Amino acid sequence: MDFVQNSWYVAGWSKEFDFDLVPRRIVDQDLVLFRQSTGHVVALEDCCPHRLLPLSKGKRIGDDIQCGYHGMTFAGNGRCVRVPGQDNRPDSAFVQTYPVEERHGIVWVWMGDPDRADLDAIFEIPQFTDPNWCTHLGEALSIRAHYLNVAENLVDPAHVSFVHPTTLGNSASENVPVHVSTAGDVITAWRWIRDSEPVGFFQNFGGFQGNVDRWHYYHLHLPSTAVIDFGSGASELHLGEEDRDQGVRIFAIHFVTPVDADHTIDYWMHVRNTAVTDESASELMDTLLRKAFQEDVTVLEAIHKSEQRPRTRKPTRIAIDKGPNTYRKRIRDLIEAERTEYLGDPVDPCFIHHD
Amino acid sequence: MDFVQNSWYVAGWSKEFDFDLVPRRIVDQDLVLFRQSTGHVVALEDCCPHRLLPLSKGKRIGDDIQCGYHGMTFAGNGRCVRVPGQDNRPDSAFVQTYPVEERHGIVWVWMGDPDRADLDAIFEIPQFTDPNWCTHLGEALSIRAHYLNVAENLVDPAHVSFVHPTTLGNSASENVPVHVSTAGDVITAWRWIRDSEPVGFFQNFGGFQGNVDRWHYYHLHLPSTAVIDFGSGASELHLGEEDRDQGVRIFAIHFVTPVDADHTIDYWMHVRNTAVTDESASELMDTLLRKAFQEDVTVLEAIHKSEQRPRTRKPTRIAIDKGPNTYRKRIRDLIEAERTEYLGDPVDPCFIHHD
Amino acid sequence: MDFVQNSWYVAGWSKEFDFDLVPRRIVDQDLVLFRQSTGHVVALEDCCPHRLLPLSKGKRIGDDIQCGYHGMTFAGNGRCVRVPGQDNRPDSAFVQTYPVEERHGIVWVWMGDPDRADLDAIFEIPQFTDPNWCTHLGEALSIRAHYLNVAENLVDPAHVSFVHPTTLGNSASENVPVHVSTAGDVITAWRWIRDSEPVGFFQNFGGFQGNVDRWHYYHLHLPSTAVIDFGSGASELHLGEEDRDQGVRIFAIHFVTPVDADHTIDYWMHVRNTAVTDESASELMDTLLRKAFQEDVTVLEAIHKSEQRPRTRKPTRIAIDKGPNTYRKRIRDLIEAERTEYLGDPVDPCFIHHD
């Protein structure tokens, strides 16, 4: 099972990283992260090259990590700075390091070739720092499923009516067609449901009296960051695509981090243009989204188990699959491109950091 | 690991099937069963052909099942009746269905070629409807073992003295020879233990004062339904084979349903010619049999684990194996015959139901 | 994953073996042990050759074991003495037996060719019976790790400062070189830490006021018995290697029994020249060692999991590995020698005992 390597993935919220050693598995690689005295978070291969004990089982000595078995000690740049019992250090005494960047309370780690780690590629939206919007970090949702199934769910508005009938959707949208378009590394699936009752979520947040126009824009940024722009406006306003800020508008953002082939973490947060200074609104929104996302988890984990079973026929494809299908094709192309590149380049990626 | 496909297997008791969607795995195939408004139980492949979510995770819409992910909806005949978001339905939008028959409170499902589903092949005995007999449905015993080991135990009177020394057997029978004969699809192993103390079970049910003649007839109907005809009569009656109704006679019936290679359900029930209107006798018998069958489970699950271990020599065969050996040979022949047939017939069995 | 077969391994303490049937897995073979009426413990293959039920699920009939399924009965020499339902006994009706020897409350079993079971090869030290010493049997430590990792830890003094910083070691020893030598089947790694504070253990047992000289001698007897001779003496005594009895001296002895490739039992005990008649000292020592050994378990189980992960580079070797490296090479040679021998000898080792 392959993953896109050359990408920034979310390793957690800033508040999770401090003096303590934090283990994380991302794209099937084991990392240990910690915040150095400079305030900078570093990420190292979580495996002592000597006897393979995870370094996260060791302890910090200042800004270094000392292995918990024989005390071999590594600096934040991956170099071995001490081998107890001897003066020299063998060439192989190092651990790989991973570029880390922290923004808006989110810790990103680059899992591929470090020379390509482009800070401009980190996900950003202007609303993160706009005082007319409230940005609220949510939780880490652990899902026993393959990340492609998790991510494709986030470019798939059609599931909302059936998986979230009382929270994010209702039956009014069941047959409303989904549009899909692609621009660069972003696949967007969207639809408007005009002139229908507000769904559960906007009964809580909109204060709407009558029918609303409701929109769902699912922007999936390759490889696996999703921005779900959803909102409602009173139907009599006849809002157009460009008028969404006039309605109650929310971005539910999902940073989908592949752990391994059977496990995914969905770090989710939200940004809104309503009740922007009301912390209790953030908490209520957390509660509602937590319930809705758990509905997804139930489906995704059942599918993951089902996919392990022998099959005798190919899955059926239907019209609403356009977003997921486009997404999967793009991921396959990215993985294939990385594979081809590595074949053409004899440098072992594991040794790139050692200099 | 193969199973006999062309057979009726018990999916449960009638009382288990109602409005709710009930998942079952039988011969390593996943089914969803439910009772339609007509009163008829239907069985469908428990897997939406779109994204493989088990349909049992969806919900009923009248007599149809709506998938819990994108709302694709299937009728009881397996045909797709709705694909939300589009008007047409792809050819592959169907699920396999399985013939179901319900008799005497027992739900049977046919797991093979539906054209061969012969209602006359369903297990039947006249005592089920005879007012001189009491028929009582028991329980579903879940066993982490291969079904052949479970079923062979039911054509094997010799184990009773050792596995059930205080319930169904005692030491008097340890060396009494076992007879085995075959008639059509029924293998029978039997023995009489003459003029010995009544075993625990018949101390409870017979009211015997002195010694008894006790019989055990194990009838194993291929592939895996067992009728254990056991009973006792006062020794001075000198009962012959044809006189068993004059003694206290019980049929313990086991419907052995293979779940997969590591799991079996034994649906058991009993029929008796004593205390026929006494419900508390049924409950007492349940209690005694439940205890005895648990003794089998302990043995069968330990054997299943042992069979997974590497072996350097072949198992020993002994005289009392005649019933089990005959049974295993018949099952191998049945599976081989089905395999040969399918090879000669290019129709994919998964598509048989689509018309 | 291979094991040294031609060796005595500890199966448990004498007090664990009595009338009851005790199952044990050693070097991936399943045994059942019990104490016969003669007082002698016997070890048989824990698998009835008929239907593979572990004999430990059966019951004792005098000094024999009766299988819990069909009553096939085996004497302590592995021969079948009864097959219910028939008079003769098939040639294959036997179970392998294993030589057993009991000494000082320890039960040893020989897992290889019984003709080579040499009683003189059983581990022995004079202190076991010396009234100036106290011998105390400890516990069985279950470790989910490969036994080579467990055993190499016991010829590796360098880990003590880092794994046991508050119990068996302290930072004073971090850079003190380790010496390694080999004599016959014993690999010894040792070092002295001169003129430093007593470690936690000897703060409890030595009653030392000032600095001490502390020694650690790790004697690893192939394949997997370790004697850790550690102690302390007041620094002003300037103890030499031969003077250790003048200090507080303890032997922590580990009998490392491989269960299978993923599981090891460490039977540990201790022998000391201090407080020899004080039972509470034994208990205190148990408590301290139990805590220290649990520190090893944490490390060893984490390494075992780490070793299952894919690796792209070879482990680094460092100076303090000399003991472990020597040990692993010796074990590889032993296993290779056994393999070569068996290839040259066509007798199936499973049948050796049948005569």
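What follows concerns the interface of chain A and chain C. Every contact between the two is made by 34 residues of chain A and, on the other side, 28 residues of chain C. Of the roughly 2700 Å² buried between chain A and chain C on both sides combined, carbon and sulfur atoms contribute 51%. Looking at the side of chain A facing chain C, the largest losses of area belong to R51, L52 and Y69 of chain A, adding up to 27% of the total buried there. Linking chain A with chain C are 6 salt bridges, by the criterion used here. Measuring nitrogen to oxygen at the nearest pair gives 2.8 Å for the salt bridge that ties E45 of chain A to R313 of chain C. Scanning the region where chain A abuts chain C turns up 14 residue pairs in polar contact (both at pLDDT 80 or more). Each residue belonging to the side of chain A that touches chain C can be placed in one class, and the counts come to 16 nonpolar, 10 polar and 8 charged.

Superposing chain C onto chain B requires a rotation of 120 degrees together with a translation of 0.1 Å along the rotation axis, leaving an RMSD of 0.0 Å. On the angle and the small slide along the axis, the relation comes out as a three-fold axis. Proximity to the rotation axis, assessed at the C-alpha, singles out Q308 of chain C in chain C; its C-alpha lies 12 Å from the axis.

Here we come to the interface of chain C and chain B. Each partner contributes residues to the interface: chain C has 34 residues there, and chain B has 28 residues. Approximately 2700 Å² of surface area, both sides summed, lies buried where chain C meets chain B, with 51% of it carried by carbon and sulfur atoms. Three residues stand out in chain C for area buried against chain B, namely R51, L52 and Y69 of chain C, and they jointly supply 27% of the buried area on that side. For the pair chain C and chain B, the number of links is 5 salt bridges. Where chain C packs against chain B, one counts 14 residue pairs in polar contact (both at pLDDT 80 or more). Class assignment of the residues belonging to the side of chain C that touches chain B gives a composition of 16 nonpolar, 10 polar and 8 charged.

This part covers the packing of aromatic side chains. For the structure shown, the criterion picks out 33 aromatic pairs over all chains. Between W190 of chain B and Y217 of chain B, the ring centres sit 6.0 Å apart and the planes meet at 0 degrees, which makes this aromatic pair stacked. Residue W190 of chain B is found in strand β14 (residues 186–196), and its partner Y217 of chain B is found in strand β15 (residues 212–221); the two are separated by 27 residues along the sequence. Its relative accessible area of 3% is what places Y217 of chain B among the buried residues. Ring plane angle 45 degrees and centroid distance 5.2 Å describe the contact between W192 of chain C and W215 of chain C, whose orientation is recorded as tilted.

In this section: the sheet that holds strand β11 (residues 106–110) of chain B. Two orientations exist for strands paired in a sheet by backbone hydrogen bonds: parallel and antiparallel. Residues and elements named next belong to chain B. With respect to topology, 3 strands assemble into an open sheet ordered β1-β11-β10, the strand pairing being antiparallel. Across the chains shown, the open sheet's two edge strands, defined by having one partner strand only, are β1 (8–13) and β10 (100–103). Taking the axes of each pair of neighbouring strands and ignoring which way they run, one obtains an average angle of 30 degrees across the sheet. Examined bridge by bridge, β1 and β11 share 5 bridges and lie antiparallel to one another. Following the sheet pairing, W13 is matched in β11 by I106.

Going residue by residue along strand β2 (residues 22–26) of chain C, you find V22, R24 and I26 of chain C tucked away on one face and P23 and R25 of chain C left uncovered on the opposite face. Taken together, β2 of chain C and the strand that follows it, strand β3 (residues 29–35) of chain C, pair antiparallel across an intervening segment of 2 residues, in which V27 of chain C is found at a positive phi of about 40 degrees.

Quick look at the environment of D278 of chain B now. All names here are of chain B. Checked against the element boundaries, D278 lands in the loop between β18 (263–272) and α4 (279–307). D278 sits 143 residues away from T135 along the chain, and the two C-alpha atoms are 11 Å apart. Within the structure, the side chain of D278 is placed 2.6 Å from the side chain of S280, a separation counted as a polar contact.

Should the charged atoms of two oppositely charged side chains come close, the side chains can pair. Scanning the entire structure with this criterion turns up 74 salt bridges over all chains. As a salt-bridge pair, E307 of chain C and R51 of chain A come within 3.8 Å of each other at their nearest N and O atoms. Note that E307 of chain C is positioned in helix α4 (residues 279–307) and R51 of chain A in the loop between β4 (41–45) and β5 (59–61), a pairing that runs across two chains. For R51 of chain A, a relative accessible area of 7% gives the class buried. D30 of chain C is the partner of R309 of chain B in a salt bridge, and the nearest nitrogen-oxygen pair spans 3.0 Å.

Before going further, it helps to examine the environment of L119 of chain C. Residue and element names in this part refer to chain C. Tracing the backbone shows L119 in the loop between β11 (106–110) and β12 (134–143). With 87 residues separating them in the primary sequence, L119 and V32 have C-alpha atoms 21 Å apart. Setting aside anything within four residues of it in sequence, one finds L119 in contact with W8, E101 and R103.

The next subject is the pairing of strand β17 (residues 248–260) of chain B. Within a regular beta strand, the side chains point alternately toward one face of the sheet and then the other, so they alternate between its two faces. Residues and elements named next belong to chain B. In terms of residue burial, β17 counts as a mostly covered element, since 13 of its 13 residues are buried. Bridge count for strand β16 (residues 225–234) against β17 is 8 bridges, and the pairing is antiparallel. Within the sheet, the bridge partner assigned to F230 lies in β17 and is I250. Pairing of β17 with β18 involves 10 bridges; the strand directions are antiparallel. Each bridged residue has a counterpart across the sheet, and for A252 the counterpart in β18 is H270. Linkage of β17 to β18, two consecutive antiparallel strands, is achieved through a turn of 2 residues.

What counts and what doesn't
- Residues numbered from 1 in each chain as written.
- Chains lettered and ligands numbered in written order.
- Predicted model: local features only at pLDDT ≥ 70, side-chain atom pairs only at ≥ 80, totals over all residues.
- Heavy atoms only, no water.
- Contact = heavy atoms within 4.5 Å.
- Buried area = accessible area lost by both parts, 1.4 Å probe.
- Salt bridge = Lys/Arg side-chain N within 4 Å of Asp/Glu carboxyl O.
- Polar contact = N/O pair within 3.5 Å; in protein donor to acceptor, adjacent residues only side chain to side chain.
- Nonpolar A, V, L, I, M, F, W, Y, C, P; charged D, E, K, R; others polar.
- Least-squares fit on C-alpha atoms with pLDDT ≥ 70 in both.
- Phe/Tyr/Trp six-rings, centres within 6.5 Å; stacked < 30°, edge-to-face > 60°.
- Helix = DSSP H or I, 4+ residues; strand = E, 2+ residues; numbered from the N terminus.
- Buried < 20%, exposed > 50% of the residue type's maximum accessible area, 1.4 Å probe, protein only.
- Pairing = 2+ DSSP bridges.
- Axes fitted to C-alpha atoms, helices over the stretch in contact; angles between N-to-C directions.

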